[in-house]
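Structure at a glance
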Amino acid sequence: MKKADVFMKVSLFLTPFLLLSQPSDSRLLQSNNTINTLTFTLHHKKNLPLPNVTTRNFVNPVSYHRQDSYYIRFFIGSPRKLFLLVIDTGSPYTWVRCNPCDDCSTSEYFDYQDSTSFSAVICASDRCPSKMCGEHLECPFQTGYEDGSTTNGIWVADKFTLLKDDYATFVAMNDMRFGCASHTDAVPHLDGVLGMSRGSLSLVSSLEVAYGFTQFSYCLNPNSTTALTFGESIDDTGLVIYTPLVAHPQYYFVRLQGITIGSESIESTDFPIEMALDSGSTKSYFPTSLYNMLRDRYLGIVSALGWVRYYGSKETCYYASPTEVDKLPLANFRFDGDANLNLKPDNIWIPLHEQTEVVCLAFGESTNHAPIFGNAQQKQILMIHDFGRSRIGFLPAGC
């Protein structure tokens, strides 16, 4: 994503659909002879058997990148090649940088010629999501993001491999479709995006079909490696706070009924608000009038404490140590189902990159997209996406 002086990545949820416009670069497929060969390969790899999964879940390590992204180690192809992909519950599909690409100098890239399990996705087939044809019959892939970054390429298919519980055992799925990006200025610090929404092309939906998993969970911690668990995550001991999922075919929406900061309730006609849970976005986004109320309330609190404004960013930032941040009041988010989630001050104010004594308000305006509950607010909370029971679980201090 383009950052400039902005301290946090803008949501990957913001343009969660295929842009059916210009065909993408077609250099991956150089001739009709190549297309014909790949079509043959595609049609003969559809029904490969899935490996057996005998446990109720499998666990993958989650790491933090200093650009406010959380990622897992993910393998594509045969032999498998490692990629570091942003876990994004606001994106319905997966993409990686591919050879040839405009800028692969700081990341890994996928080269279809190195994989024996690679398959083309031909535009004339029912497997082409964009329903368009490129110059060489390839299926164009394109998406864009709120910060102006874009990703273009073609749809392809190959084997996906995930680390299992002991980090040495592997679970694989064959013939998985993903975007092969030849042009992108998104997530320059990692290799691509792992789509985790409810869309039919997401990894989550594929695991549900292949293995019957109807939930996944993760806990985000910038200070240590945590876990992304597919399948049953914990035994419910009564400590998990549940709120119903709002029905939606692709995304995880929950309904926010109100917010209290300290002892002061925020009175807004914007409530209730349907917010999308988005691990690919750092900030939470609110309707403009509510955002202004929240910002003004916090500005009043920090001004009373004598915080000094930092003007080196266009975000709302102040000079403050972690100790000073801890003195701020809790924020209570009230969701449907009497789900009261208390957020600590460091869920609201997060450090500016490379500025250890500068923190910024991790809220923004949802001017042209749905409201979002971002990863800063999800930090240190076990997030249980139980779509089998149409609910979201929060377990505070779950890491």
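In short, a report on the structure.

**Quick look at the overall build of the chain**
- Within the chain, the secondary structure is distributed over 6 helices and 26 strands.
- When the 399 residues of the chain are sorted by exposure, 59% land in the buried category.
- The long-range fraction of contacts in the chain, counting pairs at least 24 apart against all pairs at least 6 apart in sequence, stands at 70%.
- Carbon and sulfur atoms make up 49% of the accessible area of the chain, which totals about 16100 Å².

**What about the nonpolar core?**
- If you look at the biggest cluster of nonpolar residues, it comprises 77 residues, and the most contacted ones within it are F110, L203, F230, F286, F333 and W349.
- With 7 residues, the top contributor of residues to this core is helix α3 (residues 288–304).
- Core analysis: the second largest hydrophobic core is formed by 18 residues, V86, A157, L190 and V193 among them.

**Considerations on the sheet that holds strand β17 (residues 308–310)**
- The sheet built from 4 strands is open, its strands ordered β17-β18-β22-β21 with antiparallel pairing. Edge strands, defined here as strands with exactly one partner in the open sheet, are β17 and β21 (349–352). Averaged over all neighbouring strand pairs, the angle between strand axes comes to 45°, with direction disregarded.
- Inspection of the sheet shows strand β18 (residues 317–319) paired to strand β22 (residues 355–361) by 3 bridges, in the antiparallel sense.

**A word on the state of the cysteines**
- Scanning all chains against the criterion turns up 5 disulfides.
- With its sulfur 1.9 Å from that of its partner, C98 forms a disulfide with C180. Taking the torsion about the sulfur-sulfur bond, which here is approximately -120°, the covalent link between C98 and C180 counts as left-handed. Taken together, the positions of C98 in the loop between β4 (95–97) and β5 (119–120) and C180 in strand β8 (residues 170–184) put the pair 82 residues apart, joining distant regions of the chain.
- When its relative accessible area of 1% is taken as the criterion, C180 is described as buried.
- Through a disulfide, C128 is tied to C139; the S-S separation comes to 2.1 Å. Taking the sign of the torsion about the S-S bond as the criterion, the disulfide between C128 and C139, at about 90°, is right-handed. Of the two residues, C128 is situated in the loop between β5 and β6 (140–144) and C139 in the loop between β5 and β6; the sequence distance between them amounts to 11 residues. Just as C128 is buried, C139 falls in that class too.

**With respect to α3**
- Its 17 residues place the ends of α3 24 Å apart at the C-alpha level, agreeing with the 24 Å of an ideal helix rising 1.5 Å per residue.
- G306, located one to two residues past α3, shows a positive phi value of around 80°.

**Details of unusual backbone geometry**
- Across the junction of S78 and P79, the peptide omega takes the value 0°, indicating a cis bond.
- Relative to the elements of secondary structure, P79 occurs in the loop between β2 (69–76) and β3 (81–88).
- In the segment running from F271 into P272, the intervening peptide bond is cis, with an omega of -5°.
- Of note, P272 is situated in the loop between β14 (264–265) and β15 (273–277).

**Side note on the pairing of strand β26 (residues 391–396)**
- Where strand β12 (residues 241–244) lies against β26, 4 bridges are found, and the strand directions are antiparallel. Within the sheet, the bridge partner assigned to P244 lies in β26 and is R391.
- Where strand β25 (residues 381–386) folds back onto β26 in an antiparallel hairpin, the turn is made up of 4 residues, including S390, whose phi is positive at roughly 55°.

**Looking at the packing of aromatic side chains**
- Following the criterion strictly, the structure yields 28 aromatic pairs and no others.
- Their ring planes at 25° and their centres at 5.3 Å tell us that F335 and F394 sit as a pair that is stacked. Remark: F394 occurs in strand β26 and F335 occurs in strand β19 (residues 331–335); sequence separation between them is 59 residues.
- Overall, F335 belongs to the buried group, its relative accessible area being 3%.
- Put simply, the rings of F286, Y298, W307, Y318, F333, F335, W349, F363, F373 and F394 touch in pairs and so form one group of aromatic residues.
- Above the face of the F75 ring, R80 is positioned so that its terminal group lies 6.0 Å from the ring centre.

**Some points on the side chain of H189**
- With respect to the secondary-structure elements, H189 resides in the loop between β8 and β9 (192–195).
- For H189, the side chain forms a polar contact with the side chain of S69, separated by 3.1 Å.

**Some remarks on the environment of N174**
- Along the chain, N174 falls in strand β8.
- Sequence spacing of N174 and D158 is 16 residues, and the spatial spacing of their C-alpha atoms is 6.3 Å.

**Describing the environment of S115**
- Tracing the sequence through the fold places S115 in the loop between β4 and β5.
- Along the chain, S115 and K159 lie 44 residues apart, while their C-alpha atoms are 9.1 Å from each other.
- A distance of 3.0 Å separates the side chain of S115 from the backbone nitrogen of S78, its partner in a polar contact.
- In this structure the side chain of S115 is engaged in a polar contact, spanning 2.7 Å, whose partner is the side chain of D158.

What counts as what
- Residues numbered from 1 in each chain as written.
- Predicted model: local features only at pLDDT ≥ 70, side-chain atom pairs only at ≥ 80, totals over all residues.
- Heavy atoms only, no water.
- Helix = DSSP H or I, 4+ residues; strand = E, 2+ residues; numbered from the N terminus.
- Buried < 20%, exposed > 50% of the residue type's maximum accessible area, 1.4 Å probe, protein only.
- Contact = heavy atoms within 4.5 Å.
- Areas by Shrake-Rupley, 256 points an atom, 1.4 Å probe, with all protein chains shown as cover.
- Core = buried A, V, L, I, M, F, W, Y, C linked by side-chain atoms within 4.5 Å.
- Pairing = 2+ DSSP bridges.
- Axes fitted to C-alpha atoms, helices over the stretch in contact; angles between N-to-C directions.
- Disulfide = S-S within 2.5 Å.
- Expected span 1.5 Å × (residues − 1).
- Phe/Tyr/Trp six-rings, centres within 6.5 Å; stacked < 30°, edge-to-face > 60°.
- Lys NZ or Arg CZ within 6 Å of the ring centre and 35° of its normal.
- Polar contact = N/O pair within 3.5 Å; in protein donor to acceptor, adjacent residues only side chain to side chain.

The quantities given are spatial measurements derived from coordinates; they are silent on function.
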